[in-house]
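Summary of structural features
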Amino acid sequence: MITVALTKGRLFKDFLKYMSENDLADYSTALEDETRSLYTIVNNVKFIFAKGPDVPTYVESGVADLGIVGSDIITENPFNILNVSQLPFGDCHFSVAALPGQESFGVIATKYTNIAKEHFKNKKQDISLIHLNGSVELAPLLGLSDGIVDIVQTGSTLKDNGLVEYEKIMDIHARLIANKRTFYTKEDEIYGFLTEIGVIE
Ligand SMILES: Nc1ncnc2c1ncn2[C@@H]1O[C@H](COP(=O)(O)OP(=O)(O)OP(=O)(O)O)[C@@H](O)[C@H]1O
Ligand SMILES: O=P(O)(O)OC[C@H]1O[C@H](OP(=O)(O)OP(=O)(O)O)[C@H](O)[C@@H]1O
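Note that the structure is a prediction, hence the values are computed from the model and not measured. (Residues numbered from 1 in each chain as written. Chains lettered and ligands numbered in written order. Predicted model: local features only at pLDDT ≥ 70, side-chain atom pairs only at ≥ 80, totals over all residues.)

**So, the sheet that holds strand β8 (residues 128-131)**
In spatial order, the strands read β8-β7-β9-β6-β10; together these five strands make up an open sheet with mixed pairing. Of all strands in the sheet, those with a lone pairing partner are β8 and β10 (164-172), marking the two edges. Averaged over all pairs of adjacent strands, the angle between strand axes in this sheet comes to 25 degrees, irrespective of strand direction. Across five bridges, the pairing between strand β6 (residues 92-98) and strand β9 (residues 147-152) is antiparallel. Opposite His93, over in β9, you have Val152 as the bridge partner. (Pairing = 2+ DSSP bridges. Helix = DSSP H or I, 4+ residues; strand = E, 2+ residues; numbered from the N terminus. Axes fitted to C-alpha atoms, helices over the stretch in contact; angles between N-to-C directions.)

The following block contains the structure:
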């Protein structure tokens, strides 16, 4: 049996859509189970449902063999894992955003402090960072920060809060990650699963 760590939110919905578009009804039907159970077994594959930032923790330790996670998560906090491939969903990007007319950025609020720190360091701009856990768009509206570094997908959250993008920092995609040891010790099962779901040929 192999174990695959998934997130519970957007990426999970994208993965289900990918499974149903690729005629993998066995998986999509079983995964659509509406109970609060945090794992399910389909065709000898155990899927566990975790928070995004915890997916690489399960994979690094080897209690999960594979994981699906946003590249934002593993860029913000590097893990000792195999970064196997990009998946065809979960596309979005990181941007610096602020109220229109903002002239300089001294204070930035973000959930992603390492990515923000690196970005401004590369631009040789001295900033202070405020770490928030969500709803970061509030910070410039309330004067807590001059701007934010955050994920933008449709742009609706920025627009609905009167903020604009100043700079795109990097693209984000869903990634398939694997444990460095079991990727080889469970090679047949892992390759079987990845071939079945069309991630490798
Ligand atoms: N608009 C978006 N906002 C945030 N993340 C997005 C967006 N669009 C795509 N993503 C991707 O989705 C990932 C989050 O996936 P998902 O929502 O399944 O995780 P989660 O841990 O269940 O979520 P949450 O943190 O919202 O509870 C992010 O790491 C990012 O790569
Ligand atoms: O460009 P959009 O399609 O509007 O998506 C971007 C928004 O989605 C994410 O927030 P999320 O809903 O995960 O909530 P959070 O603010 O609590 O992190 C992200 O932090 C933005 O706020």
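Now that the structure has been shown, the text picks up again.
**A closer look at the domain arrangement of the protein chain**
By domain assignment, the protein chain separates into domain 1 (2-90 + 173-196) and domain 2 (92-171). Distance from the C-alpha centre of domain 1 to the C-alpha centre of domain 2: 29 Å. Each partner contributes to the interface: domain 1 provides five residues, whereas domain 2 provides six residues. Considering only residue class, the side of domain 1 that touches domain 2 consists of no nonpolar, three polar and two charged. (Domains from an automatic or database assignment. Contact = placed C-beta atoms within 7 Å. Nonpolar A, V, L, I, M, F, W, Y, C, P; charged D, E, K, R; others polar.)

**A few points about the confidence of the model for the protein chain**
The pLDDT averaged across the protein chain works out to 96; a share of 100% of its residues lies at or above 70. The ipTM assigned to the predicted complex is 0.96, against a pTM of 0.96. (pLDDT = per-residue confidence, 0-100.)

**Some thoughts on the site of ligand 2**
Near ligand 2 the following residues occur: Gly134, Ser135, Glu137, Asp150, Ile151, Val152, Gln153, Thr154, Gly155, Ser156 and Thr157. Those elements that place two or more of their residues in the shell around ligand 2 are β9 and α7 (156-160). At three residues, β9 tops the list of elements feeding residues into the shell around ligand 2. Residues that form the shell around ligand 2 fall into these classes: two nonpolar, seven polar and two charged. (Near = placed C-beta within 6 Å.)

**A short note on the site of ligand 1**
Lining the immediate surroundings of ligand 1 are 16 residues, of which Thr7, Gly9, Gly52, Gly70 and Gln153 lie closest. Broken down by element, the residue count for the shell around ligand 1 peaks at three residues, all from helix α1 (residues 10-21). Among the residues making up the shell around ligand 1, the classes are represented as six nonpolar, six polar and four charged. Residues from two domains meet in the shell around ligand 1; each of domain 1 (2-90 + 173-196) and domain 2 (92-171) gives at least three.

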